[in-house]
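Chain by chain, the residues run as shown.
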Amino acid sequence: MGVSGAGKSTLAVMLADRLDVPFIEADDYHSDEARDLMSRGIGLNDEHRTPWLDRVGAAARESADAADGIVIACSALRRIYRDRLRRYLPATKFVFLNGAPDLIAERLKGRQNHFVGQSLLESQLNVLEPLEPDEPGVTLDLSETLDALVDEALRKLGVAPNAAPATPTEVRIPR
Ligand SMILES: Nc1ncnc2c1ncn2[C@@H]1O[C@H](COP(=O)(O)OP(=O)(O)OP(=O)(O)O)[C@@H](O)[C@H]1O
Ligand SMILES: O=C(O)[C@H](O)[C@@H](O)[C@H](O)[C@H](O)CO
């Protein structure tokens, strides 16, 4: 979880690879209307996000049932959004990628071939509700290297990797 550009998709692919479980990209479940709004820099509201989270949750539950678990890359910015996902997968643990808006903006500027630019960042930072103490998961500092984030997430969540670490060239982010 985290705002656009926090590094969710990049880290989630690496975690799924290390854990040898499927990966779900929540961006793939947006309606055409929502994608159009976001590509014009307009942030989504609760009415847009609720049915989207239901689609993500249902797909994730189906995949998780058929495997040993699942890794989802999803903004899940508000507590109610995370509660919504937990309706489908009650044992979900969240990895909150937290960090300085300037660094995130810098990374968004450098990102290629993505339907969302820097313009959504401010609205997402306004909506963001950090992980609360009663929510299972960890908060990590997104300024760390990706390898460090993978190791820290697995260690702090107490999840054992099934697969050997991938070389960077083996990691592909489906879009
Ligand atoms: N820890 C990191 N160190 C350096 N670069 C990173 C790190 N994490 C992500 N990046 C880079 O930052 C950019 C944004 O990452 P990514 O697309 O994974 O973010 P995201 O949170 O999934 O964004 P969105 O919600 O918009 O899909 C990418 O170009 C990625 O390569
Ligand atoms: O909650 C939201 O508004 C959405 O999830 C966004 O975070 C987009 O999916 C993302 O910014 C595009 O990659």
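Here the structure is a predicted model, which is why all the values come from computation and not from measurement.

Student: I tried to follow the overall build of the protein on my own but got confused; where do I start?
Tutor: Scanning the protein from N- to C-terminus turns up seven helices and four strands. Secondary structure elements of the protein, listed N to C terminal, follow the sequence α-β-α-α-β-α-β-α-α-β-α. Against the 2.2 N^0.38 benchmark of 16 Å for 175 residues, the protein shows a C-alpha radius of gyration of 15 Å, consistent with a compact globule. Referenced to the eigenvectors of the C-alpha coordinate spread, the extents of the protein come out at roughly 40 × 35 × 30 Å. Going through the 175 residues of the protein one by one, you find that 43% of them count as buried. Sequence separation of 24 or more characterises 78% of the internal contacts of the protein that already satisfy a separation of 6 or more.

Student: What exactly am I supposed to notice about the pattern of salt bridges here?
Tutor: A pair can form between side chains of opposite charge whenever their charged atoms are brought close. Here the structure, examined in full by the defined rule, presents 14 salt bridges. Two residues, Asp83 and Arg79, come together in a salt bridge whose shortest N-O distance is 3.2 Å. With Asp83 and Arg79 both in helix H4 (residues 79-88) and four residues apart, the pair spans about one turn of that helix.

Student: In this structure, what is going on with the pairing of strand E3 (residues 94-98)? I would like to understand it.
Tutor: The side chains of a regular strand alternate between the sheet's two faces. Counting buried positions over the five residues of E3 gives four, a clear majority of the element. Of the strand pairs in this sheet, E3 and strand E4 (residues 137-141) are connected by five bridges, and their pairing is parallel. Bridging across to E4, Asn98 finds its partner in Asp141.

Student: Explain the site of ligand 1 here, please?
Tutor: In the region of ligand 1, 17 residues are neighbours, and Ser4, Lys8, Ser9, Thr10 and Arg111 sit closest. Between an oxygen atom of ligand 1 and a side-chain N or O atom of Ser4, the distance comes to 2.6 Å. Here Ala6 contributes a backbone N or O atom positioned 3.2 Å from an oxygen atom of ligand 1. Across the complex, the protein chains shield 80% of the 640 Å² of accessible surface that ligand 1 would expose by itself. Every element with two or more residues in the shell around ligand 1 is listed here: helix H1 (8-19) and helix H7 (146-157). Per-element tally for the shell around ligand 1: the top contributor is H1, with three residues. A per-class count over the shell around ligand 1 returns five nonpolar, six polar and six charged.

Student: How do you make sense of H1 when you look at a structure like this?
Tutor: Taking 1.5 Å per residue as the helical rise, H1 with its 12 residues ought to reach 16 Å, and the 16 Å between its terminal C-alpha atoms agrees with that figure. With respect to burial, H1 is a largely interior element, 10 of its 12 residues being buried. Considering only its buried residues, H1 is in contact with strand E1 (23-25), strand E2 (71-73), E3 and H7. Asp20 lies just past H1 and shows a positive phi near 60°.

Student: Mind showing me how you'd approach the site of ligand 2 here?
Tutor: Close to ligand 2 lie Ser4, Asp27, His30, Met38, Leu44, Arg49, Trp52, Ser75, His114, Phe115, Val116 and Gln124, which account for all nearby residues. The separation between an oxygen atom of ligand 2 and a polar side-chain atom of Arg49 is 2.8 Å. Ser75 is positioned with one of its side-chain polar atoms (N or O) 2.7 Å from an oxygen atom of ligand 2. When the free accessible area of ligand 2 is taken as 330 Å², the share hidden by the protein chains comes to 96%.

Student: Would you mind showing me how to read the side chain of Ser75 here?
Tutor: Tracing the sequence through the fold places Ser75 in the loop between E2 and H4. Given the relative accessible area of 12%, Ser75 is considered buried. Apart from residues lying up to four places away in sequence, Ser75 is in contact with Met1, Gly2, Lys8 and Trp52.

Definitions and limits used
Sequence order as written defines residue numbering, which begins from 1 separately in each chain. Chain letters and ligand numbers both follow the written order, the letters beginning at A and the numbers at 1. For a predicted model such as this one, the threshold for reporting local features is a pLDDT of at least 70, and the threshold for listing and counting side-chain atom pairs is 80 or more; totals across whole chains, interfaces and linings nevertheless cover every residue. Working from all heavy atoms in the structure, the side-chain values ignore hydrogens and water. Segments assigned H or I by DSSP are reported as helices when at least four residues long, segments assigned E as strands when at least two residues long, and all are numbered from the N terminus. Just to be clear, the radius of gyration here is over C-alpha atoms, and the globule rule we use is 2.2 Å times residues to the power 0.38. Partly exposed residues are those whose accessible area sits between 20% and 50% of the maximum for their type, while under 20% is buried and over 50% is exposed, using a 1.4 Å probe and protein chains only. Contacts were defined at the residue level, with two residues in contact if any of their heavy atoms lie within 4.5 Å. A pair is scored as a salt bridge if a Lys or Arg side-chain nitrogen falls within 4 Å of a carboxyl oxygen belonging to Asp or Glu. Any two strands with at least two DSSP-identified bridges between them are counted as paired. Note on terminology: near, applied to a residue and a molecule or strand, indicates that one of the residue's heavy atoms is within 4 Å of it. N or O atoms within 3.5 Å of each other form a polar contact, as long as, within protein, one can give a hydrogen and the other can take it, and as long as residues adjacent in sequence are counted only when both atoms are side-chain atoms. For accessible areas, the Shrake-Rupley method is used with a probe of radius 1.4 Å. Any residue's cover is judged against the shown protein chains and nothing else. Put simply, Ala, Val, Leu, Ile, Met, Phe, Trp, Tyr, Cys and Pro go in the nonpolar bin, Asp, Glu, Lys and Arg in the charged bin, and everything else, Gly too, in the polar bin. Multiply 1.5 Å by the residue count of a helix minus one, and that product is the helix's expected span.

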